[in-house]
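If you want the building blocks of each chain, they are given just below.
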Amino acid sequence: QVQLVESGGGLVQPGGSLRLSCAASRSIFSMYNMGWYRQAPGKQHELVARITSGGSTNYADSVKGRFTISKDNAKNTLYLQMNSLKPEDTAVYYCNAIHSGSLSSYWGQGTQVTVSS
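What you see is a predicted model, and the numbers here were worked out from it, not measured in a lab. (Residues numbered from 1 in each chain as written. Predicted model: local features only at pLDDT ≥ 70, side-chain atom pairs only at ≥ 80, totals over all residues. Heavy atoms only, no water.)

**A short note on the side chain of Glu-6**
This is how the line gets drawn: Where helices and strands are cited, they refer to DSSP runs of H or I of at least four residues and of E of at least two residues respectively, numbered from the N terminus. For this analysis, residues touch if any pair of their heavy atoms sits within 4.5 Å.
Structurally, the position occupied by Glu-6 is in strand 1 (residues 4–7). The residues contacting Glu-6, other than those within four sequence positions of it, are Ser-21, Cys-22, Trp-36, Tyr-93, Tyr-94, Cys-95, Gly-108, Gln-109, Gly-110 and Thr-111.

**So, the pairing of strand 11 (residues 111–115)**
Put simply, the rule reads: Accessibility here uses a 1.4 Å probe with only protein chains present; expressed as a share of the type maximum, an area under 20% marks a residue as buried, one over 50% as exposed, and anything in between as partly exposed. Pairs of strands are assigned from DSSP output, requiring at least two bridges between the strands.
Burial of the side chains of strand 11 is restricted to one face: Thr-111, Val-113 and Val-115 are buried, whereas none of Gln-112 and Thr-114 on the reverse face is. Bridge count for strand 2 (residues 10–12) against strand 11 is 3 bridges, and the pairing is parallel. Residue pairing across strands places Val-12 opposite Val-115, the latter belonging to strand 11. Looking at chain direction, strand 9 (residues 91–99) and strand 11 are connected through 3 bridges and run antiparallel. In the sheet register, Tyr-93 faces strand 11, and the bridge partner there is Thr-111.

Below, the structure written as structure tokens:
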């Protein structure tokens, strides 16, 4: 079992920045691919950014150049640095871990990000 706990969400003005964190209950990054997803009201769940166990990253087109995913192996923590935020980035953001072999998947509880003036 893996527990994931997100933090760092909040209310920010357009153009502002936030950094989301996802703390894992144990050391998992060497065996798990990690991702950030989001869901806005009335919209589908969507992938925002992903980082593999080997460190390769990919991003949704809507956030390329503005968001950066990273991980700190020593702290068992995944991050999402979000810059130049837009109102359309408003959503609940979820952390996800998928085992690279078994494909077992774990989710955090989500953190709300609201971009509004």
